[in-house]
Amino acid sequence: MHDVVIIGSGPAGWTAAIYTARAGLKPVVIASSVETGGELMKTTAVENFPGFPDGVQGPDLMTQMQQQAERFGTEVVYDDVTDVKLLGDTKVLTTSLGDTYEARSVIISTGSAYRRLDLPNEDRLSGHGVSWCATCDGFFFRDKVIAVVGGGDSALEEATFLTRFASKVYLIHRRDELRASKIMQQRALANEKIEPIWNSQVVAIEGEDELRSVELQNTVTGERSTLDIEGLFIAIGNDPRTDLFADQVDLTTEGTIAVEGRSSRTSVPGVFAAGDVLDATYRQAITAAGSGCVAAIDCEHYLADLDDQADEAGVPMASAETAAV
Ligand code: NAP
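Turning our eyes to something else, we now look at the domain arrangement of the protein chain. Domain parsing of the protein chain yields domain 1 (2-114 + 238-313) and domain 2 (130-234). For domain 1 versus domain 2, the distance between C-alpha centres works out to 33 Å. Taken residue by residue, the interface counts 5 residues in domain 1 and 7 residues in domain 2. Surface buried jointly by domain 1 and domain 2 totals about 550 Å² across both partners, of which 53% is contributed by carbon and sulfur atoms. When the buried area of domain 1 at its contact with domain 2 is split by residue, Lys42, Thr44 and Tyr114 rank highest and sum to 71% of it.

Its boundaries defined by the atoms lining it, the second largest pocket holds a volume of some 430 Å³. Around the second largest pocket, the lining comprises 21 residues; the ones closest to its centre are Val259, Arg262, Ser263, Leu278 and Asp279. Among the residues forming the lining of the second largest pocket, the class breakdown is 8 nonpolar, 10 polar and 3 charged.

With that settled, consider the pairing of strand S12 (residues 168-172). With 4 of 5 residues buried, S12 is to be regarded as a mostly interior element. Both strand S11 (residues 145-149) and S12 contribute to a ladder of 5 bridges, which runs parallel. Residue pairing in the sheet places valine 149 in a bridge with isoleucine 172 of S12. Of the crossover connections in this fold, the one passing from S11 over helix H4 (residues 153-162) to the parallel S12 is right-handed.

The next point concerns the confidence of the model for the protein chain. In this model, the protein chain carries a mean pLDDT of 93, and residues with pLDDT of at least 70 account for 97%. The low-confidence segment residues 320-325, where pLDDT is below 50, has 12 contacts with residues more than four positions distant or belonging to other chains.

To continue, consider the nonpolar core. Ranked by internal contacts, the top residues of the largest apolar core, which has 28 residues, are Ile6, Trp14 and Ile107. Going through the elements one at a time, strand S1 (2-7), helix H1 (11-22), helix H2 (58-71) and helix H6 (285-313) are the ones with two or more residues in this core. With 6 residues, the single largest contributor to this core is H6. Residue contacts for isoleucine 107: discarding those within four places in its chain leaves Val4, Val5, Ile6, Ile7, Ala16, Thr20, Phe272, Ala274, Ala295, Ala296 and Cys299.

A word on the packing of H1 against H2. Running from amino to carboxyl end, H1 crosses H2 at an angle of 20°, the nearest separation of the two axes being 8 Å. Considered as vectors, H1 and H2 are oriented roughly parallel to each other. The two elements H1 and H2 meet at a crossing, and its hand is left-handed. Counted together, Pro11, Trp14, Ala17, Ile18 and Ala21 of H1 and Met62, Met65, Gln66, Gln68 and Ala69 of H2 form the full contact between these two elements. In the contact of H1 with H2, the residues fall into 8 nonpolar, 2 polar and no charged.

With respect to the helices and strands, threonine 287 occurs in helix H6. Under the relative-accessibility criterion, threonine 287 is labelled partly exposed at 31%. Expressed as a C-alpha distance, the spacing of threonine 287 and phenylalanine 49, which sit 238 residues apart in the sequence, is 9.8 Å. The contacts of threonine 287, once residues within four sequence positions are left out, are Asp279 and Tyr282. Looking at threonine 287, its side chain comes within polar contact range of the main-chain nitrogen of glutamine 284, at 3.0 Å.

What follows concerns the pattern of salt bridges. This structure, assessed with the given rule, holds 12 salt bridges. For arginine 104, the salt bridge is made with aspartate 3, and the minimal N-O distance between the two is 2.9 Å. Taken as a pair, arginine 104 in strand S8 (residues 100-108) and aspartate 3 in strand S1 lie far apart in primary sequence, 101 residues in all. Grouping residues by exposure puts arginine 104 and aspartate 3 together as buried. The salt bridge partner of glutamate 47 is arginine 187, with a shortest N-O separation of 3.4 Å. Here glutamate 47, found in the loop between strand S3 (45-46) and strand S4 (56-57), pairs with arginine 187, found in helix H5 (residues 182-189); they are 140 residues apart in sequence, far enough to count as distant. Here glutamate 47 falls in the exposed class, since its relative accessible area comes to 55%.

Rules behind the numbers
Residues numbered from 1 in each chain as written. Predicted model: local features only at pLDDT ≥ 70, side-chain atom pairs only at ≥ 80, totals over all residues. Heavy atoms only, no water. Domains from an automatic or database assignment. Contact = heavy atoms within 4.5 Å. Buried area = accessible area lost by both parts, 1.4 Å probe. 1 Å grid on protein atoms, 1.4 Å probe; cavity = no way out; pocket = protein on both sides within 12 Å on 5 of 7 lines; lining within 4 Å. Points joined across faces, edges and corners; volume = space filled by probe spheres on them. Nonpolar A, V, L, I, M, F, W, Y, C, P; charged D, E, K, R; others polar. Buried < 20%, exposed > 50% of the residue type's maximum accessible area, 1.4 Å probe, protein only. Helix = DSSP H or I, 4+ residues; strand = E, 2+ residues; numbered from the N terminus. Pairing = 2+ DSSP bridges. Right-handed = clockwise from strand over helix to strand, strands pointing away. pLDDT = per-residue confidence, 0-100. Core = buried A, V, L, I, M, F, W, Y, C linked by side-chain atoms within 4.5 Å. Axes fitted to C-alpha atoms, helices over the stretch in contact; angles between N-to-C directions. Parallel < 35°, antiparallel > 145°, perpendicular 65-115°, else oblique. Left-handed = near helix turned anticlockwise from the far one by under 90°. Polar contact = N/O pair within 3.5 Å; in protein donor to acceptor, adjacent residues only side chain to side chain. Salt bridge = Lys/Arg side-chain N within 4 Å of Asp/Glu carboxyl O.

This is the structure in structure tokens:
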């Protein structure tokens, strides 16, 4: 029986691991079979994480967080959780390889997933002109005319990054005002390769084997037009990854995991949440890291209380030393 299993390996997961490891709880991080590190693995320079005055590459930051967690004894499992049983005193997690992990507590830090436009052809042309990751796919669009959809920090960051490759980058936004931070706006709008298309929604994605064009609808006049492009980067935000837990822990109306006040305590005793999975508002690497710290401290207090109760009742407690799994 493990003291704590942490699901997810973004800034929240690694910070929870650093804190719980230093508290002697020997955390296990189930970090994904495909790529550890979460969303920051898909970014380039992170300029707003304190402690790096010259910025730091997202993947480097995540690698360093993982190394810090491992230095204090975190066990990392490169697998995906496919099933959870959270409601009992012993939490049971099953992975895609069929392994089972039993734990006294669980920290959910599964982050969020890219939002889709939900249009026909979106999936079919994914990898054939349609993408959600500029840093992964930007290279393929050298000297091409492309578009980015969205008006937030992600869209502007991606549009700016893509000007390194593309000859032109349209920025398609459904309003005439951007949501992104001022500095991101200034940087993108000053770039002569970026041309905003305001008040416009992508309503169709066209192409046989490769993306050829998108159909736009003006959100004010309803007028339709065709935009010929070879690349479409969708950067319209993320949704919290809660599918595995939604039938066991309470969610908010925004779809994030509900927690008690400023704590990380979910509706299920012994289950804590951290990072983007509980945060519909701030969603920064630094807030996710802070949230991972909160979850670790809440988890530590919960386990200490359980141990105290067991001591008072004279019941031998389960611990990592008596691990059966
Ligand atoms: P976001 O802030 O939620 O912005 C999403 C954008 O997509 C909005 O402009 C929204 O339009 C638009 N949108 C949403 N659904 C749409 C749809 N179905 N069709 C067309 N447009 C749609 O998401 P984000 O840009 O991914 O940023 C998420 C968080 O990460 C934010 O807190 C952001 O500050 C942070 N972030 C920070 C950095 C950085 O600091 N370097 C970089 C990336 C992200 P409306 O504006 O009309 O709602």
